[in-house]
Amino acid sequence: MAATAFHQAIGTLINSGFQQENGNTSLRLISNGFRVDVGLLKKGSSCSRGRSSVVAQASSSQTSVLNPVSSPSNNTSTDSRKKTNEAALILIRHGESLWNEKNLFTGCVDVPLTKKGVEEAIEAGQRISNIPVDIIYTSALIRAQMTAMLAMAQHRRKKVPIVMHNESEQAKSWSQIFSEETKKQCIPVITAWQLNERMYGELQGLNKQETADRYGKEQVHEWRRSYDIPPPNGESLEMCAQRAVAYFKEHIEPLLLSGKNVMVAAHGNSLRSIIMYLDQLTSQEVISLELSTGIPMLYISKEGKFVRRGSPVGPTEAGVYAYTKNLALYRQKLDEMVQ
Ligand SMILES: O=C(O)[C@@H](CO)OP(=O)(O)O
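It should be emphasised that the depicted structure is a prediction, and the values quoted were computed from it without experimental measurement.

Q: Describe the overall build of the protein, with residues and values.
A: A tally of regular secondary structure across the protein gives 13 helices and nine strands. Counting all 339 residues of the protein, 52% fall into the buried class. In the protein, of all internal contacts separated by at least 6 residues, the share reaching a separation of at least 24 is 76%.

Here it is as structure tokens:
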């Protein structure tokens, strides 16, 4: 079932809009915890290349949405309904996996998180615990799914992330929910192989250092970070981008344009290719883009444009996200709900 159709089936989900502030939107490349400000996006600038067809698609399906923290017990009034086409996009690379720890090429091998990876996912969840999430996309790989679930367990809204099983009619039928109230307290989790890590071919399972010793540092760097040179029988970043960005454009971008807040838990290279698209990086620029494990990144989608709002690598969430008016309102209502 298409994501949008599913979204209707799961029932009403909370929605929220955000206003763009005059924050510094320059691109930050994250490398092993260091942030390099390369200033690709100037203050107030944003990206909108090639999105007109998607905008058209999304506007036709736009619906009236609920107040950010409306819940059955909140008695949603007409006043609290509003239309918005602003939305939050959270991207998160999975926490450290057992093969990250062992320094092995992983690619599409389905390896779980380490204890450190679990802790990173929990910490990431704490950092985004005040950001509304309507729908979650993960790759088909367990390390991304574990990360998404552990992160959402920290969310203050306490909605329950539910993995959608649409692989067969029986799977769909056997995982139905029969309470509208319960559905409202769920967040659908869509798994998609297209968001998987790039397939590393015959390097999968090899030690990165030993491979560099054997084939030379430069050759291995070319396999790992060039844009269009694939490792032996594997995918180049360009090939990975072809499926990951196509999926993002077809399934995720229309939801953002209709005001849904989306979290994507995926991988170093599938996310690099999506960030390349969002930030309009060139194939040269993407080479130096590195993503740390377990660090969420926030974008605001508004009228077909994506504005990078930063990554909460700092100690306090508020300092990093520099709350916008609507985001601050969402947080305030969460505070009121727990009182
Ligand atoms: O092994 C992998 O699958 C990836 C990500 O961990 O490695 P690289 O840093 O070479 O992209």
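Q: For the side chain of Asn 207, give the residues involved together with the corresponding values.
A: Relative to the assigned elements, Asn 207 resides in the loop between strand 6 (186-191) and helix 8 (208-215). Take Asn 207: its relative accessible area is 18%, and that puts it in the buried class. A polar side-chain atom of Asn 207 sits 2.8 Å from the main-chain amide nitrogen of Gln 209. Ignoring sequence-local partners within four residues, the contact set of Asn 207 consists of Lys 102, Asn 103, Leu 104 and Phe 105.

Q: An account of the packing of helix 10 (residues 237-257) against helix 11 (residues 268-278) is needed here, citing residue identities and associated values.
A: Where helix 10 contacts helix 11, the axes come no closer than 8 Å and their chain directions differ by 65 degrees. Between helix 10 and helix 11, the angle is such that the two are roughly perpendicular. Once helix 10 is placed against helix 11, the crossing between them reads as right-handed. Residue-level contacts link Leu 237, Cys 240, Ala 241, Ala 244, Val 245, Phe 248, Lys 249 and Glu 253 of helix 10 to Asn 269, Ser 270, Arg 272, Ser 273, Ile 274, Tyr 277 and Leu 278 of helix 11.

Q: Talk me through the packing of helix 4 (residues 115-127) against helix 5 (residues 142-152); I want residue IDs and the actual numbers.
A: Across the interface, helix 4 lies against helix 5 with an axial gap of 7 Å and an inter-helix angle of 45 degrees. One element, helix 4, and the other, helix 5, form an angle in the oblique class. The crossing of helix 4 and helix 5 is right-handed. Mapping the contact onto sequence places Val 118, Ala 121, Ile 122 and Gly 125 in helix 4 and Met 146, Thr 147, Leu 150 and Ala 151 in helix 5. Along the lines of polarity and charge, the residues of the contact of helix 4 with helix 5 split into six nonpolar, two polar and no charged.

Q: Quick one: what's the story with the pairing of strand 3 (residues 86-93), residue by residue and with numbers?
A: Sheet faces and side chains relate simply in a regular strand, where the side chains alternate between the two faces. Of all eight residues in strand 3, eight are buried; the element is thus mostly enclosed. Residues Glu 86, Ala 88, Ile 90 and Ile 92 line one face of strand 3 and the alternating positions Ala 87, Leu 89, Leu 91 and Arg 93 line the opposite face, and both faces are buried. Inspection of the sheet shows strand 3 paired to strand 8 (residues 296-302) by seven bridges, in the antiparallel sense. Bridging across to strand 8, Ile 90 finds its partner in Leu 298. As paired elements, strand 3 and strand 7 (residues 262-266) share five bridges and run parallel to each other. Counterpart to Ile 92 in the pairing with strand 7 is Ala 265.

Q: Just give me the short version of the UniProt feature "active site" (unreviewed entry) in the protein, but keep the residues and values in it.
A: Following the UniProt record, one finds the feature "active site" (unreviewed entry) at His 94 and Glu 197. A maximum C-alpha distance of 10.4 Å is found for the annotated residues, which run over 104 residues; spatially they form one tight group. Within the element layout of this structure, His 94 appears in the loop between strand 3 and helix 3 (98-101). On the basis of relative accessible area, His 94 is assigned to the buried category, the value being 2%. When residues no more than four places from it in sequence are discounted, the contact partners of His 94 are Asn 100, Leu 113, Arg 143, Ala 144, Thr 147, Ala 266, His 267, Thr 293 and Gly 294. Polar contacts involving the side chain of His 94 include one to the side chain of Arg 143, which spans 3.4 Å. Accessibility expressed as a relative area gives 7% for Glu 197, which makes it buried. With residues near it in sequence (within four places) discarded, Glu 197 still touches Gly 107, Cys 108, Leu 141, Arg 143, Glu 235, Arg 243, His 267, Gly 268, Asn 269 and Ser 270.

Q: Got a sec to walk through the site of the ligand? Specific residues and values, please.
A: What surrounds the ligand is the set Arg 93, Asn 100, Leu 104, Phe 105, Thr 106, Gly 107, Glu 197, Tyr 200, Lys 208, Arg 224, Arg 225 and Asn 269. Asn 100 places a side-chain nitrogen or oxygen 3.3 Å from an oxygen atom of the ligand. Residue Tyr 200 places a side-chain N or O atom 2.5 Å away from an oxygen atom belonging to the ligand. A total of 310 Å² of accessible area belongs to the ligand in isolation, and the protein chains cover 95% of it. Its residues assigned to classes, the shell around the ligand comprises three nonpolar, four polar and five charged.

Q: Quick one: what's the story with unusual backbone geometry, residue by residue and with numbers?
A: Of note in the backbone geometry, Asn 103 takes a positive phi value of approximately 60 degrees without being a glycine. Here Asn 103 is to be found in the loop between helix 3 and helix 4. For Asn 103, a relative accessible area of 33% corresponds to the partly exposed category. Not every positive phi belongs to a glycine, and Asn 233 is a case in point at roughly 55 degrees. Tracing the backbone shows Asn 233 in the loop between helix 9 (217-225) and helix 10. Residue Asn 233 is classed as exposed on the basis of its relative accessible area of 58%.

Parameters at a glance
Residues numbered from 1 in each chain as written. Predicted model: local features only at pLDDT ≥ 70, side-chain atom pairs only at ≥ 80, totals over all residues. Heavy atoms only, no water. Helix = DSSP H or I, 4+ residues; strand = E, 2+ residues; numbered from the N terminus. Buried < 20%, exposed > 50% of the residue type's maximum accessible area, 1.4 Å probe, protein only. Contact = heavy atoms within 4.5 Å. Polar contact = N/O pair within 3.5 Å; in protein donor to acceptor, adjacent residues only side chain to side chain. Axes fitted to C-alpha atoms, helices over the stretch in contact; angles between N-to-C directions. Parallel < 35°, antiparallel > 145°, perpendicular 65-115°, else oblique. Left-handed = near helix turned anticlockwise from the far one by under 90°. Nonpolar A, V, L, I, M, F, W, Y, C, P; charged D, E, K, R; others polar. Pairing = 2+ DSSP bridges. UniProt positions renumbered as here; feature names shortened; annotations may be inferred. Near = heavy atom within 4 Å. Areas by Shrake-Rupley, 256 points an atom, 1.4 Å probe, with all protein chains shown as cover.

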